[in-house]
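# Summary of the model geometry
Each chain, written out:
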2 protein chains.
Amino acid sequence: MSLPTLDEMETPAALVDVDRMEANLQKVSAYLREHGLRWRPHTKTHKVPELAARQLQAGASGVTVATPREAEVMGSVADDVLLAYSPVGAAKLARLMALPERVRLSVGLDSREALEGLREAASRAGRRVGVLVELDVGMRRVGVTTPEEAVALAREVVAAEGLEYQGVMFYPGHIRMAREEQGPALAEVSRKLGTFLEALRAAGLEPPVVSGGSTPTLWRSHEVAGVNEVRPGITPFFDRTTAWMGVCGWEEVAYSVLATVVSTAVPGQAVIDAGSKALAKEELPLGGYGALLERPEVVVRTVSEEHGILDLSHTEWRPRVGERVRVVPNHVCVSVNLQDALWAVRGGQVVGRWDVTGRGRGPA
Amino acid sequence: MSLPTLDEMETPAALVDVDRMEANLQKVSAYLREHGLRWRPHTKTHKVPELAARQLQAGASGVTVATPREAEVMGSVADDVLLAYSPVGAAKLARLMALPERVRLSVGLDSREALEGLREAASRAGRRVGVLVELDVGMRRVGVTTPEEAVALAREVVAAEGLEYQGVMFYPGHIRMAREEQGPALAEVSRKLGTFLEALRAAGLEPPVVSGGSTPTLWRSHEVAGVNEVRPGITPFFDRTTAWMGVCGWEEVAYSVLATVVSTAVPGQAVIDAGSKALAKEELPLGGYGALLERPEVVVRTVSEEHGILDLSHTEWRPRVGERVRVVPNHVCVSVNLQDALWAVRGGQVVGRWDVTGRGRGPA
């Protein structure tokens, strides 16, 4: 494959700084090893099997996925796949059951309906599937909310032929504050989780796997009593939100969107060719939808579909039409999901291209 | 091609009600015919050449596109393509110049740099390209801001060999209020546009094309003096925002995302499998990120990547896990951009599938 140079590449284009990414993987791996926590990275962030393979090489014990398509593409490199979402509906179940035999599949779920559908599908496929009972520890999105419900659902999993009770999972996605402010919220997660674990143990349902973790809380995962596995997604790349929260330094951010200045006609701003269809449009309390990697004081103030407007009020820099910039989006996962491919970059050179094969539903 | 039924289809999936879409096309076509306005629909909304073909059949005189990829796929069905964005950079220009000879290409631009790049590329390719000078009439995004700049740039277009001065374009995208409140803002657009047109005429640069229009202002396009072409995008489908603004009735909305209820574990809400990666996450003053087509009082209160949380506080309806719903997103263009395909639906039957071939950059 012939690779374009950064100067000739069509924009917008997603770039991954390979050295930074590798350093991020090593740092996460070392932290989790130090604390004896299993690492099951959430591959929804990159949706690229080659990057899942690097995470496995760096010490991950399996991968997490969000969709049947992600399960399929990640199943090509991983033998242990957790779908951390209730697989409801015959079409999704059929795809999951068709994964290669070699893949140990487990799923998270929080309802009898989801359990019954999975049991039927697994039975028809003659496939053994692991189950994690999903717990709500404060996010109020999914997950059973009381220890009694957790015990009842775990009992049904144990009783279901073809399914294997592997434990519990939760996601503390409601904790989004800076590192030093997370303490009380994490303590509350520990407390809630403790009530679930206690009830399960008392019922003879000690969970082998207690899977938690999120990128914002990553470096404090060891403080949550009982957790033995985490599922951070954003860590290979990081983004503006995680940098703002103090989860990483700005110089650790490995993902950016290369964009071209296409208009300076309206005074006091510059317009780039990356908007909500390249960066996404997710709010951040800081304001704006991204910031320039090399000039973080320059914020993407607003985005429309194919345009981003750079706020030049905090810089002396006055770009010309044609100049190129790298934008760090607020939320990397949704920006990656807008890309056909990620370009691997090392020291200003394009060194590879990864297709984002886990997007959408895949080939019809 | 064997088509799935709505019941067996994997979710999330984008549905287009074909009868509603056809009615919308006819309504737009009739309005513009009545007022003698040319219709150049913006195909960034659907990114599907088959749908551009229907718009041309319904009376469109050409199409508008946002990217080289869109130009390529729409060029397969349209002979007249306007790239309503400054094509800056060699890669984009090369793709545009490689469009079939048959395609009359024009572009909008607002700078000497963009003009010079285009002139060089057109000269090298031996291709004649039309140019619309882009004007800012109040949105403050792109477009020259003074009549003097417009005249100067138009003069340079006229002088540039291989380029053809076709007129001016603008986008009143800052007007987003309900129909009855648009009056003063539209009058101001007319006034600003008038100062540009007057200066151009005085300089002997009467613009043959005066291209404006947006979906929010669509039905009042005839009130903007001088406009002879409009470029609405959203009109085949409409969405929650345009319905909220009164541009269409709820019963005219033709696009929705089919989703499955995957969790009801947390009381007072239901969670569907459509989140920011299916609906996008664009704010609306109304609140929420979408509403159910058949129960508009049920709003998608929050979205995460693969989950949407339905607010059940204004309904007696209590869905079960496994139940299916159709969600109208706030902004259809960015939702379509997240889909591999759109499913054509008529009376509860799936009657076709359109691949969203204009997404991203296309095949490498």
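Please read these numbers as outputs of a predicted model, since none were measured by experiment.

## Observations regarding the interface of chain B and chain A
- Of the residues lining the interface, 54 residues belong to chain B; the matching set on chain A comes to 54 residues.
- Counted by class, the side of chain B that touches chain A contains 19 nonpolar, 18 polar and 17 charged residues.

## Describing the relation of the copies chain B and chain A
- Note on the copies: chain B fits chain A at an RMSD of 0.0 Å, the axial shift is 0.0 Å, and the rotation between them is 180°. Interpreted geometrically, this transformation is the action of a two-fold axis.
- An overlap of 100% is found between the interface residues of chain B and their copies at the interface of chain A, pointing to a shared contact surface.

## Considering helix α4 (residues 90-97) of chain A
All names here are of chain A.
- For α4, every residue scored as buried is listed here: Lys-92, Leu-93 and Leu-96. Looking straight down α4, one finds its buried side chains confined to an arc of 95°; they lie on one side.
- In this structure, the buried residues of α4 make contact with α3 (68-74), β4 (80-83), β5 (104-109) and α5 (112-125).

## Re the pairing of β5(A)
Residues and elements named next belong to chain A.
- Burial within β5 is extensive, with five of its six residues counted as buried.
- Where β4 meets β5, four bridges bridge the pair, whose relative direction is parallel. Counted as the bridge partner of Val-81 is Leu-105 from β5.
- Regarding the hand of the β-α-β motif, the stretch spanning β4, α4 and β5 is right-handed.
- As defined by bridge partners, β5 adjoins strand β6 (residues 129-134) across four bridges and the pair is classed as parallel. Opposite Val-107, over in β6, you have Val-131 as the bridge partner.

## Topic: the nonpolar core
- Residues Val133(A), Ala150(A), Leu118(B), Val133(B) and Ala150(B) are the most contacted members of the largest nonpolar core, which totals 227 residues.
- When sequence neighbours within four positions are dropped, the list of residues in contact with Leu118(B) reads Pro87(B), Leu93(B), Val107(B), Leu109(B), Val129(B) and Leu163(B).

## With respect to the packing of helix α6 (residues 147-159) of chain B against helix α7 (residues 183-202) of chain B
Residue and element names in this part refer to chain B.
- At their nearest, the axes of α6 and α7 sit 9 Å apart, and the two run at 45° to each other. In terms of orientation, α6 and α7 fall into the oblique class. Note that α6 runs across α7; the crossing there is right-handed. Where α6 approaches α7, its residues Pro-147, Ala-150, Val-151 and Ala-154 are matched on the opposing element by Thr-195, Phe-196, Ala-199 and Leu-200.
- Of the residues that constitute the contact of α6 with α7, the class distribution is seven nonpolar, one polar and no charged.

## Let's talk about the sheet that holds strand β7 (residues 163-169) of chain A
- Here we have eight strands laid out as an open sheet, ordered β2-β9-β8-β7-β6-β5-β4-β3 (chain A), and parallel in their pairing. Each edge of the sheet is formed by a strand with only one pairing partner; in this case those strands are β2 (38-39) and β3 (63-65) of chain A.

## Here we look at the domain arrangement of chain A
All names here are of chain A.
- Annotation of chain A at the domain level lists domain 1 (18-234) and domain 2 (242-355).
- With centres defined by C-alpha atoms, the gap from domain 1 to domain 2 works out at 31 Å.
- Counting residues at the interface gives 21 residues for domain 1 and 15 residues for domain 2.
- With five residues, helix α1 (residues 18-34) is the single largest residue contributor to the side of domain 1 that touches domain 2.
- Considering only residue class, the side of domain 1 that touches domain 2 consists of nine nonpolar, five polar and seven charged.

## Observations concerning helix α1 (residues 18-34) of chain B
Residue and element names in this part refer to chain B.
- With 17 residues, α1 should cover 24 Å at 1.5 Å per step; its first-to-last C-alpha distance of 24 Å lies within 8% of that length.
- For α1, every residue scored as buried is listed here: Arg-20, Met-21, Asn-24, Leu-25, Val-28 and Leu-32. The buried residues of α1 occupy an angular sector of 140° when the element is viewed end-on, so they sit on one face. Set apart from the buried face of α1 by more than 90 degrees, the exposed residues are Asp-19, Gln-26, Ala-30, Arg-33 and Glu-34.
- Along its buried surface, α1 packs onto β1 (13-17), β2 (38-39), α2 (49-57) and β9 (229-230).
- Looking at the residues trailing α1, positive phi occurs at Gly-36, about 65°.

## Brief notes about the pairing of strand β1 (residues 13-17) of chain A
Residue and element names in this part refer to chain A.
- The buried fraction of β1 amounts to five of the five residues, a majority that puts the element mostly inside the structure.
- In terms of strand pairing, β1 meets strand β10 (residues 255-263) through four bridges, oriented antiparallel. Paired with Leu-15 across the strands is Ser-256, a residue of β10.
- By the bridge criterion, four bridges tie β1 to strand β16 (residues 341-346) in an arrangement that is parallel. Across the sheet, residue Asp-17 finds its bridge partner in β16, namely Val-345.

The rules behind each value
Residues numbered from 1 in each chain as written. Chains lettered and ligands numbered in written order. Predicted model: local features only at pLDDT ≥ 70, side-chain atom pairs only at ≥ 80, totals over all residues. Contact = placed C-beta atoms within 7 Å. Nonpolar A, V, L, I, M, F, W, Y, C, P; charged D, E, K, R; others polar. Least-squares fit on C-alpha atoms with pLDDT ≥ 70 in both. Buried ≥ 20, exposed ≤ 12 C-beta atoms within 10 Å, placed from the backbone. Helix = DSSP H or I, 4+ residues; strand = E, 2+ residues; numbered from the N terminus. Arc of directions from axis to C-beta. Pairing = 2+ DSSP bridges. Right-handed = clockwise from strand over helix to strand, strands pointing away. Core = buried A, V, L, I, M, F, W, Y, C linked by C-beta atoms within 7 Å. Axes fitted to C-alpha atoms, helices over the stretch in contact; angles between N-to-C directions. Parallel < 35°, antiparallel > 145°, perpendicular 65-115°, else oblique. Left-handed = near helix turned anticlockwise from the far one by under 90°. Domains from an automatic or database assignment. Expected span 1.5 Å × (residues − 1).

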